[in-house]
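Commentary on secondary and tertiary structure
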Amino acid sequence: MAKTSVTYVVSFEIRPGQEARFRAALDPVLDAMRDEESFVSSALGRDAANENRFLLHETWSDEDDVTNVQLKRPYRDAMNAALDKILASPREVTVWRPLRSDG
């Protein structure tokens, strides 16, 4: 089976005053992801109109690896457990597959 790259776009709406806890939960996951073989890149941004809204882009070279291995990594457990108390609403995840790349 051929590897298929994929980008996950994750939107987080945190409760007011929870940015430090959010970053303390998320940043170690982002740091650990960099060492994974199928990791390509990630970027975290903040909504210019809403300081409690964040957008994460994660690009991976192998969608099957993400689904079957990466999402189950133990380094994600603490973040997943913490998000229930940090988020104002459930995170939204969309999956994007490349059609064209100019770079």
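Turning our eyes to something else, we now look at the sheet that holds strand 3 (residues 50–60). Strand order across the open sheet formed by four strands is 2-3-1-4, with antiparallel pairing between neighbours. For this open sheet the edge positions go to strand 2 (39–47) and strand 4 (92–96), each flanked by a neighbour on one side alone. Each strand of the sheet is rotated relative to its neighbour by a mean of 15°, with strand direction disregarded. Alignment of strand 1 (residues 6–13) against strand 3, held across eight bridges, turns out to be antiparallel. By the bridge assignment for strand 3, Tyr8 is matched with Glu58.

For the coordinates displayed, the defined rule picks out three aromatic pairs. Ring-pair connections join several aromatic residues into one group, and the members of that group are Phe12, Phe22 and Phe54.

Right, let's get into the nonpolar core. Within the largest apolar cluster, 20 residues are counted, with the highest numbers of intra-cluster contacts made by Phe12, Phe22 and Trp60. Mapped onto this core, the elements with two or more residues apiece are strand 1, helix 1 (19–33), strand 3 and helix 3 (77–86). Of all the elements, helix 1 adds the most residues to this core, at six residues. In this view, Phe12 contacts Phe22, Asn52, Arg53, Phe54, Leu56, Leu83, Leu87 and Arg91; residues no more than four positions away in its chain are not counted.

A few words now on the pairing of strand 3. By the bridge criterion, eight bridges tie strand 2 to strand 3 in an arrangement that is antiparallel. The residue bridging Ser42 from the neighbouring strand is Glu58, located in strand 3. Hairpin connection from strand 2 to strand 3: two residues lie between these consecutive antiparallel strands.

We now examine the side chain of Asn52. As for its placement among the helices and strands, Asn52 is situated in strand 3. In this structure Asn52 comes out as buried when scored by relative accessible area, which is 15%. Apart from the residues lying within four places of it in its own chain, the contact partners of Asn52 are Phe12, Glu13, Ile14, Arg15, Pro16 and Gly17.

All right, on to the side chain of Glu36 then. Position of Glu36 relative to the elements: it lies in the loop between helix 1 and strand 2. On the basis of relative accessibility, which here comes to 14%, the residue Glu36 falls in the buried class. A distance of 3.0 Å separates polar atoms of two side chains, one belonging to Glu36 and the other to Tyr75. Among residues more than four places away in sequence, those in contact with Glu36 are Trp60, Gln70, Arg73 and Tyr75.

What counts, and at which threshold
- Residues numbered from 1 in each chain as written.
- Predicted model: local features only at pLDDT ≥ 70, side-chain atom pairs only at ≥ 80, totals over all residues.
- Heavy atoms only, no water.
- Pairing = 2+ DSSP bridges.
- Helix = DSSP H or I, 4+ residues; strand = E, 2+ residues; numbered from the N terminus.
- Axes fitted to C-alpha atoms, helices over the stretch in contact; angles between N-to-C directions.
- Phe/Tyr/Trp six-rings, centres within 6.5 Å; stacked < 30°, edge-to-face > 60°.
- Core = buried A, V, L, I, M, F, W, Y, C linked by side-chain atoms within 4.5 Å.
- Buried < 20%, exposed > 50% of the residue type's maximum accessible area, 1.4 Å probe, protein only.
- Contact = heavy atoms within 4.5 Å.
- Polar contact = N/O pair within 3.5 Å; in protein donor to acceptor, adjacent residues only side chain to side chain.

Just geometry here; none of it tells us what the structure is for.
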